[in-house]
Each structure stands twice: as C-alpha cells, then as structure tokens.
Amino acid sequence: MVKHRDSTHLVHQYLRHNKKFPHVWCPGCGNGIVLGALIRAIHQHQYERDDIVLVSGIGCSSRMPVYVDFNTIHTLHGRALTFATGIKLANPKLKVIVVTGDGDSMAIGGNHFIHAARRNIDITTIILNNNIYGMTGGQSSPTTNYGDKSTTAPYTHIEHAFKISELAVTAGASFVARGTVYHADKLQKLIEAALTKDGFSVVEAVTHCHVQYGKLNKLGSNVDMMKWQKDNSITVQKAAKMKEEDVEDKITMGVLMDKPLPNFTKEMAKLKDRAKE
Amino acid sequence: MPAKSASKKVTTKKEIKKKETKIKTKYDIYVYNDWCKKCGICEAFCPVKCLGHDEIGQVIVLDADACIGCAQCEIRCPDFAIEIKVRE
C-alpha cells in the first residue's frame, strides 16, 4: 500500500531523469496529477516495468509517455488505439495502456475509439478531458461545452459536447469510470481497478486547461478550476437518486460500467486454436 | 428535589498517561525549487495552511510543525516537486 507521503519519492523512481525536467506542461496543469495517479496505480499492482506499454497519440496529454520509464510509444494523431491494438495482438502478455486527450480520442481518433470499445480488446485507456485543444492554441474540441468560447469559437460554441464515458458505455466497453484531478486519490483507485479488468477499460480523467479554456471563459486560475471540480462533482450513486436535469451540469464520478464481456484477445486465441485443428 | 448534576466525563489516570506519552508525529516539507512551477496548488489545498508563497510565487514553508502529513500537496503536485518526510 502506497502512502500518500511516499508519492513524490515513488514517482521519481519511474521517471526518465535524462529527459528535460521540469516537464513541458503549463504551470498548474492537471496532466501531471494524472501521471502521478497512473504511476501510483501501476506501482500498486507491482507490474514489471518491461511488461507495461504506454501508447499515446498527439496532444498535451500525449507527452506523458516521454517522461516515464516503461516501454513507450508516441504515435500519430488519433491513432494511439490502433497501435495499441497491434501491440496487444502481437504479444498478449503485455499490459497495454493508452494515454490520450479528448481531441485525440474523440475527434480524429473517434472512430478507432468506438471500435476498440466494440471489440472489447484488453487495453486500458486513460482519456484526459480538458474540453479543448490546448497544445495547438485553444481550438474547439468535441468536448467543448455548448455556449463556451474557444479561439475558433469567439462568439461561443454552437455544438454540443460528447460525453466520453457515456459514449464508451454505449459502444460496448466492459469497464468505464470517470474521475477528476481534484480527487487524485479516487482517480488512482479507478485506474487501479481499470488495470485489473479483462476487456476494454476506459478511465475519463476530467482535468482543467486554465491557460486556454479557463482564460477565454473567465473561469479563473488552476486552483479555481480545481475547486469548481470539487463543487460540481457527484458520485454515481448520488446521481442515480437525483433528477435528470439536475445531473446535466454535474460531473458524475465513479464506476459507470463494470461488466465482464467477451474479450477480443481471448477470442482471438481461441480462434487461432480452432483454425489449427 | 436534588439538583440535576451535569454529567462530566471523568479522565482516568491511565488516560492522562496515554495522552502524555502520545507525541505528535512531526513532518518536514521539502520543495524542489528546480522543478516547481509556482502554480499554487499545494498552498491552496493544504488543510492546515502551513504553506505560503513569497513575492515571486516561490513556495515557502510557514509552519512545518503544523503539518499533519496528509500529503494532499504531494498527490496533487503536477510537477512532483514537493515531498513530506517524517521528522527523525
């Protein structure tokens, strides 16, 4: 059991100290908090470092594999899941984790995402949802909320946002959970649970982009945005008792879906055996 | 009619001894200034407010004795730049 106060010491052991530190993310960015939670979760399960593969696409969040000492691959925009599918099928013993952003996985990689969920392949996907394309200059992403501003929507956004977790549930993922960076401890627990699951497991980490999104929408500093997460998140159990219109604006936190479904990796192995007979 | 005496919790000698012998664990706070980006998360979410900042935003430890070792700063530091250790 990792104590909170060993967290920094532990995370430092997993970092590639020959890379440039401090890391590239803006001061106060939530991506670092998710990275910390991910490392603690991996450590909790005592996985060998060589058994972990961290795959990412392009974006702020996708810089994550650069800094950690696992098998890492930094791939094309939106294609992290396709690379991960290849890796998992080539060597099913590996623990494949995909780290991706909301723009990366929902816009250009949206199709790959829903089909990976439909196949239910044994991959853990962590989606960092900051409601905007941060790295490229604050353009609207598929999760930018209706009525919010971005650099490509200066007169407010007229489209409606994707709900990532609900989409994953509908698409057929076997484990779906949502956490926030304010609740870093809870997020770690959710990632821990997702790592043990057999099928496609999704953890949506709601984070903040105070530099692009917060500035344009006057949401205040990183601390203000984290306090907003604290005030506006409710547990799944509580949300079930509330009226639908009250839940609309809230972040429902916790496990949204946990059901063992036929797993693509195992089915593939069975298929191979059948074909050999 | 006798006056109702207020019920008072009696502290036994054993309990007093236990209280005296129980020393509060103290912690030291280390901030790695090379990695710290002065975002202010540690200061904002410290439940006992033992962290502060100077005029350039650098984190300073106001009262290390007040630290309760919950390490809420550690799990939320995006730059892995703060560490809490038990004082020896």
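See above for the structure.
Source: prediction; values computed, not measured. (Residues numbered from 1 in each chain as written. Chains lettered and ligands numbered in written order. Predicted model: local features only at pLDDT ≥ 70, side-chain atom pairs only at ≥ 80, totals over all residues. Heavy atoms only, no water.)

Peer 1: What am I meant to see in the pairing of strand E8 (residues 201-206) of chain A here?
Peer 2: Residue and element names in this part refer to chain A. Among the 6 residues of E8, 6 are classified as buried, and the element is accordingly described as predominantly covered. Where strand E4 (residues 124-129) and E8 come together, 6 bridges link them in parallel fashion. Opposite Ile126, over in E8, you have Val203 as the bridge partner. As paired strands, strand E7 (residues 175-180) and E8 are joined by 6 bridges and run parallel to one another. Looking across to E8, one finds that Val176 is bridged to Val202. (Buried < 20%, exposed > 50% of the residue type's maximum accessible area, 1.4 Å probe, protein only. Helix = DSSP H or I, 4+ residues; strand = E, 2+ residues; numbered from the N terminus. Pairing = 2+ DSSP bridges.)

Peer 1: Which parts of the structure should I look at to understand the packing of helix H1 (residues 7-14) of chain A against helix H2 (residues 31-44) of chain A?
Peer 2: For any two helices packed against each other, one specifies the crossing angle of their axes together with the interaxial distance. Residues and elements named next belong to chain A. Remark: H1 packs on H2, axes separated minimally by 10 Å, with the N-to-C direction vectors making an angle of 85°. Put simply, H1 runs roughly perpendicular to H2. Contacts between H1 and H2 pair Ser7, Leu10, Val11 and Tyr14 from the former with Gly36, Ile39, Arg40 and His43 from the latter. Residue composition of the contact of H1 with H2, grouped by class: 4 nonpolar, 3 polar and 1 charged. (Axes fitted to C-alpha atoms, helices over the stretch in contact; angles between N-to-C directions. Parallel < 35°, antiparallel > 145°, perpendicular 65-115°, else oblique. Contact = heavy atoms within 4.5 Å. Nonpolar A, V, L, I, M, F, W, Y, C, P; charged D, E, K, R; others polar.)

Peer 1: I'm lost on the interface of chain B and chain A in this one. Help?
Peer 2: When the parts of a complex come together, some accessible area is lost, and that lost area is often used as the size of the interface. Counting from both sides, the interface comprises 24 residues of chain B and, opposite them, 32 residues of chain A. With both sides pooled, the region where chain B packs onto chain A buries about 2300 Å², and carbon together with sulfur makes up 64% of that total. Of all residues in chain B, Trp35(B), Ile75(B) and Phe80(B) bury the most surface against chain A, accounting for 33% of the area lost on that side. Viewed at the interface, chain A and chain B are joined by 10 residue pairs in polar contact (both at pLDDT 80 or more). Sorting the residues of the side of chain B that touches chain A by element identifies helix H2 (41-44), helix H3 (72-76) and strand E4 (82-86) of chain B as the ones contributing at least two each. Of the residues assigned to the side of chain B that touches chain A, the class counts are 15 nonpolar, 3 polar and 6 charged. (Buried area = accessible area lost by both parts, 1.4 Å probe. Polar contact = N/O pair within 3.5 Å; in protein donor to acceptor, adjacent residues only side chain to side chain.)

Peer 1: Explanation requested: the sheet that holds strand E3 (residues 95-101) of chain A in the structure shown.
Peer 2: Strand pairing within a sheet occurs via backbone hydrogen bonds; the two strands may be parallel or antiparallel. Residues and elements named next belong to chain A. With mixed pairing, 8 strands are arranged side by side in an open sheet as E2-E1-E3-E4-E8-E7-E10-E9. The open sheet is flanked by strand E2 (71-74) and strand E9 (233-235), the only strands paired with a single partner. Recorded for the sheet is a direction-independent mean angle of 20° between the axes of neighbouring strands. Relative to E4, E3 runs parallel, the two sharing 5 bridges. The residue of E4 that forms the bridge with Gly101 is Leu128.

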